[in-house]
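# A closer look at the structure
Okay, here's what each chain looks like letter by letter:
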Amino acid sequence: MSTKAIHTKAALHETTDKHVTQWPQTAEAILASAANIIAERYVKKDAYTNPQATKDFLTYKLGGYEREVFAVMLLDNQHQLLEFKELFFGTLDAASVYPREVVKAVLAVNAAAVIFAHNHPSGESEPSAADKHITQRLTDALALIDVRVLDHIVVGRLPVSFVERGLL
């Protein structure tokens, strides 16, 4: 490589570093960045009592997976996000969820409330009988330690809120 080419390449690199924002390279990284922006924008505004903001956040977090992922938003007493935790990873159409592990995650950060979420890679957001059953089991387990379940969101083409459907 000639000296001129090296200097030109260095100048381009320097210009790029100063003036161009580098974007994440994968779709998953872009979605994760979008979820982080939503979280930063709403974290101090008690946004996780707003179903649409919550559905937006969870869509960006879970919408890109090709297998089922069950996650929990661990919230403080003001419903501000303490931690978003992906707890269980399943197959194309199912994920095993263990109440004991959910309780451990809640206790680890001293959460006062939670929002459950999982994706349906098929795109069909309608909660299944299994979704309703595990939500009830988790709600019962967390009630024993005085932790409120605010919602369970199923992420598909259009996210579905258990609360908005009257299921919780």
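Everything discussed here concerns the structure shown above.
So, here's what we can say about the structure. What you see is a predicted model, and the numbers here were worked out from it, not measured in a lab. (Residues numbered from 1 in each chain as written. Predicted model: local features only at pLDDT ≥ 70, side-chain atom pairs only at ≥ 80, totals over all residues. Heavy atoms only, no water.)

This part covers the pattern of salt bridges. Going through the model one piece at a time under the given rule, you end up with four salt bridges. The salt bridge involving Glu164 is made with Lys55; its shortest N-O contact spans 2.8 Å. Placement of Glu164 in the segment after strand E5 (160-161) and of Lys55 in helix H3 (residues 51-62) is noted, with a sequence separation of 109 residues between them. Judged by relative accessible area, Glu164 falls into the partly exposed class, the value being 49%. (Salt bridge = Lys/Arg side-chain N within 4 Å of Asp/Glu carboxyl O. Helix = DSSP H or I, 4+ residues; strand = E, 2+ residues; numbered from the N terminus. Buried < 20%, exposed > 50% of the residue type's maximum accessible area, 1.4 Å probe, protein only.)

This next bit is on helix H5 (residues 129-143). Its 15 residues give H5 an end-to-end C-alpha distance of 21 Å, which sits within 8% of 21 Å, the value for a rise of 1.5 Å per residue. Listed in full, the buried residues belonging to H5 are Asp131, Ile134, Thr135, Leu138, Thr139 and Leu142. End-on view of H5: buried residues confined to an arc of 140°, all on one side of the axis. Facing away from the buried side of H5 by over 90 degrees, the exposed positions are Ala129, Ala130 and His133. Of the surrounding elements, those touching the buried residues of H5 are strand E1 (69-75), helix H4 (99-109), strand E3 (113-119) and strand E4 (148-155). (Expected span 1.5 Å × (residues − 1). Arc of directions from axis to C-beta. Contact = heavy atoms within 4.5 Å.)

Along the chain, Arg137 falls in helix H5. Separated by 39 residues in sequence, Arg137 and Tyr98 have C-alpha atoms that sit 9.5 Å apart.

So, about the packing of aromatic side chains. Throughout the structure, instances matching the rule amount to four aromatic pairs. On the numbers, 5.7 Å between centres and 35° between planes, the contact of Phe70 with Phe116 is tilted. In this pair, Phe70 sits in strand E1 while Phe116 sits in strand E3, placing the two residues 46 residues apart along the sequence. Across the pair, Phe116 and Phe70 agree in class, each one buried. Centroid distance Phe88 to Tyr98: 5.8 Å. Interplanar angle 65°. Geometry classified as edge-to-face. With a gap of ten residues between them, Phe88 in strand E2 (residues 81-89) and Tyr98 in the loop between E2 and H4 connect regions that are remote in the sequence. Its relative accessible area of 46% is what places Tyr98 among the partly exposed residues. Among the aromatic side chains, those forming a connected cluster through ring pairs are Phe70, Phe88, Tyr98 and Phe116. (Phe/Tyr/Trp six-rings, centres within 6.5 Å; stacked < 30°, edge-to-face > 60°.)

The subject of this paragraph is the sheet that holds E3. Strand order in the open sheet formed by five strands is E2-E1-E3-E4-E5, and the pairing between neighbours is mixed. The strands lining the two open edges of the sheet, one partner per strand, are E2 and E5. Where E1 lies against E2, seven bridges are found, and the strand directions are antiparallel. Pairing of Ala71 across the sheet is with Glu86, part of E2. In the packing of H3 onto the sheet, the strands contacted are E1, E2, E3 and E4, and the crossing angle to E2 comes to about 45°. (Pairing = 2+ DSSP bridges. Axes fitted to C-alpha atoms, helices over the stretch in contact; angles between N-to-C directions.)

Turning our eyes to something else, we now look at the environment of Leu138. Checked against the element boundaries, Leu138 lands in helix H5. Separated by 41 residues in the primary sequence, Leu138 and Val97 have C-alpha atoms spaced 9.2 Å apart. Those residues in contact with Leu138 that sit more than four places away from it in its chain are Phe70, Val97, Pro99, Val102 and Phe116.

As a further point, take the nonpolar core. Val102, Val106, Val114, Phe116 and Leu142 are the most contacted members of the largest nonpolar core, which has 18 residues in total. Counting residues per element, this core draws most heavily on H4, which supplies four residues. Core analysis: the second largest hydrophobic core is formed by 14 residues, Leu58, Leu62, Leu81 and Ile153 among them. (Core = buried A, V, L, I, M, F, W, Y, C linked by side-chain atoms within 4.5 Å.)

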